[in-house]
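Residue-level structural notes
So you can see what is in the structure, the chains are spelled out below.
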Amino acid sequence: LLDRLKDKALFKTQSFINGAWVEGKPWIEVTSPSNRAVLAQMSDVGAKGAEDAIAAAAEAFKTWKTTSVFERAALVKKWHDLIIEHADDLGHLITAEMGKPFPEARGEVVYGAGFVDWSAEEAKRSHGETIQTPFPGSRGWTIHQPIGVVACITPWNFPSAMITRKCAPALAAGCTVVVKPAPETPLSALALAELAKRAGIPDGVFNVITGDAPAIGDVFTQSDTVRMVGFTGSTPVGKLLMKQASSTVKRVALELGGNAPFLIMDDADIEKAADGVIASKFRASGQTCVSANRIIAHAPIADKLIAALKTRIEAIKVGDGLTEGVTVGPLIHDEAVARVDKLVENARERGAVIHTGGKSLAEELGGSFYAPTLIEGGTDFELELACFEIFGPVCAVYRVETEDEMIELANSTPFGLAAYLYTRDVGRVHRISEALDFGMIGVNAPMVGSPATPFGGVKESGIGREGGKWGVEEFTELKFVLLSGV
Ligand code: ADP
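Summary of the structure given here. (Residues numbered from 1 in each chain as written. Predicted model: local features only at pLDDT ≥ 70, side-chain atom pairs only at ≥ 80, totals over all residues. Heavy atoms only, no water.)

The next point concerns the overall build of the protein chain. Of the regular secondary structure elements, the protein chain holds 16 helices and 22 strands. Computed over its C-alpha atoms, the radius of gyration of the protein chain comes to 23 Å, within 12% of the 23 Å expected for a compact globule of 486 residues. In terms of its C-alpha atoms, the protein chain occupies a principal-axis envelope of roughly 70 × 60 × 40 Å. When the 486 residues of the protein chain are sorted by exposure, 57% land in the buried category. Working note: accessible area of the protein chain is about 18800 Å², and carbon and sulfur atoms make up 55% of it. Separation between the mean location of the 48 positive side-chain charges and that of the 61 negative ones in the protein chain comes to 4 Å. (Helix = DSSP H or I, 4+ residues; strand = E, 2+ residues; numbered from the N terminus. Rg over C-alpha atoms; globule rule 2.2 N^0.38 Å. Buried < 20%, exposed > 50% of the residue type's maximum accessible area, 1.4 Å probe, protein only. Areas by Shrake-Rupley, 256 points an atom, 1.4 Å probe, with all protein chains shown as cover. Lys, Arg positive; Asp, Glu negative; His and termini not counted. Charge placed at Lys NZ, Arg CZ, Asp CG, Glu CD.)

Attention shifts here to empty space enclosed by the protein. Taking a probe equal in size to a water molecule and rolling it over the atoms shows the remaining empty space. Scanning the entire structure with this criterion turns up four cavities of 30 Å³ or more. Approximately 70 Å³ is the volume attributed to the largest cavity. Elements with a minimum of two residues in the lining of the largest cavity: helix 5 (161-173) and strand 10 (226-232). The greatest single-element share of the lining of the largest cavity, amounting to three residues, is contributed by helix 5. Split into classes, the residues belonging to the lining of the largest cavity amount to five nonpolar, three polar and five charged. (1 Å grid on protein atoms, 1.4 Å probe; cavity = no way out; pocket = protein on both sides within 12 Å on 5 of 7 lines; lining within 4 Å. Points joined across faces, edges and corners; volume = space filled by probe spheres on them. Nonpolar A, V, L, I, M, F, W, Y, C, P; charged D, E, K, R; others polar.)

With mixed pairing, the seven strands of this open sheet are ordered in space as 14-15-16-13-12-18-19. Edge strands, defined here as strands with exactly one partner in the open sheet, are strand 14 (353-356) and strand 19 (440-443). Taken over all neighbouring pairs, the strand axes of this sheet differ in orientation by 20 degrees on average, direction set aside. Examined bridge by bridge, strand 14 and strand 15 (residues 373-378) share three bridges and lie antiparallel to one another. When the bridges of strand 15 are listed, Ile-354 appears paired with Ile-375. Against the sheet, helix 9 (residues 270-282) touches strand 12 (260-264), strand 13 (292-298), strand 15, strand 16 (394-400) and strand 18 (418-422), its axis set at about 170 degrees to strand 12. (Pairing = 2+ DSSP bridges. Axes fitted to C-alpha atoms, helices over the stretch in contact; angles between N-to-C directions. Contact = heavy atoms within 4.5 Å.)

As a volume, the largest pocket reaches approximately 1000 Å³. Forming the boundary of the largest pocket are 43 residues, of which Gly-233, Ser-234, Thr-235, Pro-236 and Val-237 lie nearest the centre. Elements with a contribution of two residues or more to the lining of the largest pocket: helix 7 (213-222), strand 10, helix 8 (235-245) and helix 11 (334-349). Considering each element in turn, the lining of the largest pocket owes the most residues, seven residues, to helix 8. Residues belonging to the lining of the largest pocket are distributed by class as follows: 23 nonpolar, 11 polar and nine charged. Taken as a whole, the second largest pocket holds about 300 Å³ of empty space. Going through the elements one at a time, helix 2 (69-85), strand 6 (138-146), helix 5 and strand 22 (476-484) are the ones with two or more residues in the lining of the second largest pocket. Counting residues per element, the lining of the second largest pocket draws most heavily on strand 6, which supplies five residues. Looking at side-chain class alone, the lining of the second largest pocket contains eight nonpolar, six polar and four charged residues.

Moving on to the sheet that holds strand 5 (residues 130-131). Strand order in this open sheet of three strands is 5-6-22, and the pairing throughout is antiparallel. Taken across any chain shown, the strands that pair with only one partner, and hence form the sheet edges, are strand 5 and strand 22. Here two bridges tie strand 5 to strand 6, and the two strands are oriented antiparallel to one another. Note on strand 6: the bridge partner recorded for Ile-131 is Gly-140.

So, on to the side chain of Asn-346. Secondary-structure assignment places Asn-346 in helix 11. If sequence neighbours within four positions are ignored, Asn-346 has contacts with Leu-383 and Glu-384.

Surrounding the ligand, one finds 17 residues, the nearest of these being Thr-154, Trp-156, Lys-180, Phe-231 and Ser-234. Interatomic distance of 3.1 Å between a side-chain N/O atom of Trp-156 and an oxygen atom of the ligand. Here an oxygen atom of the ligand sits 2.9 Å away from a polar atom, N or O, in the side chain of Lys-180. Relative to its free-state accessible area of 550 Å², the ligand is covered by the protein chains to the extent of 77%. Of the pockets mapped on this structure, the ligand occupies the largest pocket. Among the elements of the structure, helix 7, strand 10 and helix 8 are those that each provide at least two residues to the shell around the ligand. (Near = heavy atom within 4 Å. Polar contact = N/O pair within 3.5 Å; in protein donor to acceptor, adjacent residues only side chain to side chain. Sits in = over half its atoms within 2 Å of the grid points.)

Below you can see the structure in the form of structure tokens.
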């Protein structure tokens, strides 16, 4: 890995607290999911590290919050520029520790940097309002103020973008931040810390710590100083953090699991819909919370769709993310392969048709690989594949007779993050997108996230929005001021 980095100083294994690199007690090794090579030996700064980082962030907040937003924006913008300048190296770190193919990894870096640039701009537009009051001789107005110290816990599927998407708006809004990245992918997070330091972001304003998740999570959620916890990850951990955060009534922003339906109507362009399914399903080997989980095909076009998907899926090249032409890398680890295999076995047992794939490639390819798979589930929405987030390269197609049933089945899940709809009927576009209980709807579009738009879910998929003006607002408190005796 080091050989591939142009700037070797981006390879960090210590935690970054108050502008200094801090060693903890020996902890886990980071390994490549493509070939199981050991990439780094990490250390655990534990509860003490979390407390130190929070104390540093609290001290830094005193001055950071009063710094002009123009000054903060300039530093955040500098961070963006450095991220773009080092996009190749950051991409290599992602490919090494998470496995996604290098072009996709580099794409994640650029996508994530987009939030940094956007936040630097958007924070300048954090305007208050003047309000009519019922009291004679009085005036009222609102101001947005940074909420305070923010603690973030991030996942491994987007090791870079999930950090920038939370931290850049927080920093630009005037908050200080402590991040705990996923143990599988700490290197991307620490490289971002190094670049933040080079950008001139003051000591204590941005901290990244590695170590035992429950111990650090406890400190984050129980601390009186931390005013907000931002989390992206699984729904069970999100629920736990929400419960823990209730002891101090912190704000929580939770981006949790999904179970995205992908509705394809009989009037859709089937070739474009099949391209859309592939783009949504196989990005990050299907390990994203917005991945198409249930392809719900209108019965008249189901056979044509399945044929179009089969051709595309059989053409996918699986392998190490550095190999030219590979578009699907490994899953994050062997347990993930075993979990996906169990879901597929359940489908096989229940009589679903496996058109292609349906097996682990771990032995054949020497890493945690799973074959791109196409399964026809018919009308069986009781398949585990339909009830749980697959988080793997398995495309499961169902066939349903009517529009109303399609909507009802799409909504019959506790999750509500992203949904997709392919149709060319403008009435259906409005009718169905309004009827789907999801936070984001891609109509003839397989990807919905961008720096300018709100990303987030309803129901058990989470609370709060990242991106756009909403992403910055999340990190502010709205204060009302009443002046009388004018
Ligand atoms: P996954 O199963 O995909 O790894 P998780 O929700 O377990 O998803 O992980 C997302 C993030 O949450 C990671 O940074 C992980 O270390 C962290 N995490 C896991 N368990 C806890 C916990 N009990 N308290 C705080 N953070 C946790």
